[in-house]
Amino acid sequence: MPEKDIVSWTSMVVAYTRAHNLDDACAIFNNMPAKNTVSWIALIAGFAQNGHGDEALDLFVKMHEEGKQASPRTFVSVLCACADQALAERRKQIHGCIVRTCFNRVMDNIFIWNALIDMFCKCGNMRSAEIIFLRMPERDVVSRNSMITGFAHNGLGHESPVFLKTMLETNVRPNHVTFLGTLSACSHTGLDAEALQIFDAVEKDYSLQSRSDHYAILVDLLGRKNRLEEAMELIESVSNKSNHVGMWGALLGACKVHGNLVIARKAVDALLNLEPRNAARYIMLSSIYAATNRWDDSCGVRKQMEERDLTKDVANSWIGIRNEMHKFPVKDRFHYQIGDIYEVLGKLAYHMKEAGYVPEPNLRRILDNDDVGG
């Protein structure tokens, strides 16, 4: 067998990362007789795309220490990894590295600019995202979509329709993602009329076919307003019944908020027909029963889960403090600072009660009900 060259080695690294086999990808990378920038990019991108952003950033630092010249693609991969991490200090380091080492070489690359905007938006720093956007030598639909979605996800939803209007005035053609972000913003800020107007414009003015995601957001908007019958009629009016999971899921969530058991039962039946092994749907229905004090029905749903051997995946929360990532599974009792954490939570609960907060009746039982199986 002929000796493998660097291209063959790198191709194997890429193949293993695409198969989500990062251990073997690392083993091959470490055994390479020689590595170039492309080899490093392959492994960094592989870790970032598989949700291991912290390791991707460590690899970038190591690459930099070994004197390898980073390319625009390297920076895009690293910025994407930063966007998925709650580590503000590392984001600043990468941004500074781009400016210090190769500003003139990469700053005419629109992918770098877009990755920077995406990173700041996902990390909640909309001020920096806006500064980057305004400084861009040129902007495309991806740049604008990132800003619209960033506003929607960071409590500034009222800015998204305004941004869309400005985008249309500059004759930039929107796409499905543009409308998805704007509709999401309208849903979270209660802009019903604007959302319906934008939804109609998708097909009428821009000849785009509304997708299931667009309908799901509209269902969510109607659900927030307790317009559950309208939301259900909207779902039933959409063709391609196999693609309704997001819509029925949004409706079920709204039913839980408003305590509508009749429509909730219909939503659950539809969802279980589409994805019968999804334990989260049973959990939701059980919680709705619990919230309305129908404990026998709630237990009955749990019994169905046991009979069908369904369990809920463990939920986790992450937070970055002083450049260190902390992970908290549901009902975690093993964090090394758990005592201090519960002491602070106790103080917060006390201040909430002092401010007049009254817990919902049966809240503890409902929360315990949600956690069962997790």
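Quantities reported herein were computed from a predicted structural model and do not represent experimental measurements.

A.B. asks: Looking at this model, I keep getting lost on helix α17 (residues 279–291). Mind explaining?
C.D. replies: The periodicity of an α-helix, 3.6 residues per turn, causes residues three or four places apart in sequence to face the same way. With 13 residues, α17 extends 18 Å between its outermost C-alpha atoms, agreeing within 8% with the 18 Å of an ideal straight helix rising 1.5 Å per residue. Counting buried residues along α17, ten of its 13 residues qualify, which places the element largely inside the surrounding structure. Among the residues of α17, Ala-279, Arg-281, Tyr-282, Ile-283, Leu-285, Ser-286, Ser-287, Ile-288, Tyr-289 and Ala-290 are the ones counted as buried. The backbone nitrogen of Ala-280 lies 2.9 Å from a side-chain oxygen of the residue at the head of α17, namely Asn-278.

A.B. asks: How do you make sense of the packing of aromatic side chains when you look at a structure like this?
C.D. replies: The geometry of an aromatic ring pair comes down to the distance between the two centres and the angle between the two planes. This structure, assessed with the given rule, holds five aromatic pairs. Taken together, a centroid distance of 5.1 Å and an interplanar angle of 75 degrees make the contact between Phe-199 and Tyr-215 edge-to-face. Separated by 16 residues along the polypeptide, Phe-199 in helix α12 (residues 192–204) and Tyr-215 in helix α13 (residues 212–224) bring together distant segments of the chain. Per residue, the accessibility class of Phe-199 equals that of Tyr-215, and both read buried. Lys-35 extends its terminal NZ or CZ atom over the ring of Phe-29, reaching a point 5.1 Å from the ring centre. Between the NZ or CZ atom of Arg-139 and the centre of the ring of Phe-133, over which it lies, the distance is 4.8 Å.

A.B. asks: What is the right way to read the confidence of the model for the protein chain from this model?
C.D. replies: Regions with low pLDDT should not have their predicted coordinates read in detail. With 86% of its residues at a pLDDT of 70 or more, the protein chain has an overall mean of 82. Taken element by element, the protein chain is modelled with least confidence in helix α20 (residues 363–371), mean pLDDT 51, and with most confidence in helix α9 (residues 141–153), mean pLDDT 94.

A.B. asks: Help me understand helix α3 (residues 37–49) in this model?
C.D. replies: For α3, spanning 13 residues, the distance from its first C-alpha to its last is 18 Å, which sits close to the expected 18 Å at 1.5 Å a residue. Taking burial as the measure, the 13 residues of α3 include ten buried ones, the bulk of the element. Those residues of α3 that fall on the buried side of the exposure criterion are Ser-39, Trp-40, Ile-41, Ala-42, Leu-43, Ile-44, Ala-45, Gly-46, Phe-47 and Ala-48. The opening residue of α3 is Asn-36, an N-cap whose side-chain oxygen sits 3.1 Å from the backbone nitrogen of Val-38. The positive-phi residue at the C-terminal boundary of α3 is Gly-51, with phi of around 80 degrees.

A.B. asks: For this particular structure, what's the right way to read the side chain of Asp-192?
C.D. replies: By the secondary structure assignment, Asp-192 is in helix α12. For Asp-192, a relative accessible area of 14% corresponds to the buried category. Excluding anything up to four places from it in sequence, Asp-192 contacts Leu-221, Lys-225 and Arg-227.

A.B. asks: What is the right way to look at the nonpolar core in this model?
C.D. replies: One broad rule of soluble globular proteins: the nonpolar side chains tend to lie buried together. Core analysis: the biggest nonpolar cluster contains 92 residues, and Val-13, Phe-60, Met-147, Val-219, Trp-248 and Leu-251 have the highest contact counts within it. Take this core: its biggest share by element is nine residues, from helix α7 (residues 110–122). Not counting residues up to four positions away in its chain, the partners in contact with Val-219 are Ala-231, Leu-234, Ile-235, Met-247, Ala-250 and Leu-251.

A.B. asks: Would you mind going over the side chain of Ser-128 with me for this structure?
C.D. replies: If you trace the backbone, Ser-128 turns up in helix α8 (residues 126–135). Of the polar contacts made by the side chain of Ser-128, one reaches the side chain of Asn-125; its length is 3.0 Å.

A.B. asks: Any chance you could explain the layout of surface pockets here in plain terms?
C.D. replies: Space left empty within the atom packing is revealed by a probe, the size of a water molecule, rolled over the atoms. There is about 210 Å³ of room inside the second largest pocket. As for the second largest pocket, its lining consists of Pro-161, Leu-164, Lys-165, Leu-168, Phe-179, Glu-194, Gln-197, Ile-198, Ala-201, Asp-205 and Tyr-206. Elements with a minimum of two residues in the lining of the second largest pocket: α10 (159–169) and α12. Each residue belonging to the lining of the second largest pocket can be placed in one class, and the counts come to seven nonpolar, one polar and three charged.

The rules behind the values
Residues numbered from 1 in each chain as written. Predicted model: local features only at pLDDT ≥ 70, side-chain atom pairs only at ≥ 80, totals over all residues. Heavy atoms only, no water. Helix = DSSP H or I, 4+ residues; strand = E, 2+ residues; numbered from the N terminus. Expected span 1.5 Å × (residues − 1). Buried < 20%, exposed > 50% of the residue type's maximum accessible area, 1.4 Å probe, protein only. Polar contact = N/O pair within 3.5 Å; in protein donor to acceptor, adjacent residues only side chain to side chain. Phe/Tyr/Trp six-rings, centres within 6.5 Å; stacked < 30°, edge-to-face > 60°. Lys NZ or Arg CZ within 6 Å of the ring centre and 35° of its normal. pLDDT = per-residue confidence, 0-100. Contact = heavy atoms within 4.5 Å. Core = buried A, V, L, I, M, F, W, Y, C linked by side-chain atoms within 4.5 Å. 1 Å grid on protein atoms, 1.4 Å probe; cavity = no way out; pocket = protein on both sides within 12 Å on 5 of 7 lines; lining within 4 Å. Points joined across faces, edges and corners; volume = space filled by probe spheres on them. Nonpolar A, V, L, I, M, F, W, Y, C, P; charged D, E, K, R; others polar.

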